[in-house]
Amino acid sequence: MPSPIRILLQTTIPPIEDDWHIGRFSLLRDYLSGLTDDDGQPLCAVTARDRTAPGAPDPILSTIDQSDFGQLWLFAVDVGDGLTSEGWGAISRFTE
């Protein structure tokens, strides 16, 4: 039996109540988490998170190329400071 696809749902902003934080994508998270195969086994293992505060590399995005995530669903909802060069580099390596 294959392992579930590990999916990271990630925003490019820290948690801000009246903004596009990861909670606004809860229907997508719940849908993906609820997908099962014919035997009822989960197809996806979903991690949903906001980025850490701007000004430093996000600890997950900046190392995603070294993780065991199979997919990254990145919601670029920031106004220009959502990713650092470390994050861009790791994401580029991850997609290769």
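Look up a bit, the structure's there.
Residues numbered from 1 in each chain as written. Predicted model: local features only at pLDDT ≥ 70, side-chain atom pairs only at ≥ 80, totals over all residues. Heavy atoms only, no water.

Chemist: Residue-level account of the side chain of Q10, with values.
Modeler: When you line up the elements, Q10 lands in strand β1 (residues 5–11). Side chain to side chain, Q10 and R49 meet in a polar contact 2.8 Å long. Among all residues touching Q10, those that are not within four sequence positions of it are I22, R49, D50, R51, D58, L61, L72, W73, L74 and F75. (Helix = DSSP H or I, 4+ residues; strand = E, 2+ residues; numbered from the N terminus. Polar contact = N/O pair within 3.5 Å; in protein donor to acceptor, adjacent residues only side chain to side chain. Contact = heavy atoms within 4.5 Å.)

Chemist: Describe the packing of aromatic side chains, with residues and values.
Modeler: Across all of its chains, the model carries two aromatic pairs by this definition. Ring centres 5.8 Å apart and planes at 45° place the aromatic pair W20 and F25 in the tilted group. Ring-pair connections join several aromatic residues into one group, and the members of that group are W20, F25 and F75. R6 extends its terminal NZ or CZ atom over the ring of F69, reaching a point 4.4 Å from the ring centre. Just above the ring of W20 sits the side chain of R24; from NZ or CZ to the centre is 5.7 Å. (Phe/Tyr/Trp six-rings, centres within 6.5 Å; stacked < 30°, edge-to-face > 60°. Lys NZ or Arg CZ within 6 Å of the ring centre and 35° of its normal.)

Chemist: So what about the side chain of T12? Which residues, and what values?
Modeler: Its place among the elements puts T12 in the loop between β1 and α1 (26–34). At a separation of 2.5 Å, a polar atom in the side chain of T12 contacts the side chain of D78. If near-sequence neighbours (up to four positions away) are discounted, T12 is found in contact with R51, L74, F75, A76, V77, D78, G82 and L83.

Chemist: Kindly report on the sheet that holds strand β2 (residues 44–49), identifying the contributing residues and their values.
Modeler: Strand order in the open sheet formed by three strands is β2-β1-β3, and the pairing between neighbours is parallel. Since the sheet does not close on itself, it has two edges, and those belong to β2 and β3 (71–75), each with one partner. Neighbour-to-neighbour, the strand axes of this sheet turn through a mean angle of 15°, independent of strand direction. Judged from the six bridges that link them, β1 and β2 form a sheet pairing that is parallel. Residue pairing across strands places R6 opposite A45, the latter belonging to β2. Strand contacts of α1: β1, β2 and β3, with the helix running at about 160° to β2, the strand carrying the most contacts. (Pairing = 2+ DSSP bridges. Axes fitted to C-alpha atoms, helices over the stretch in contact; angles between N-to-C directions.)

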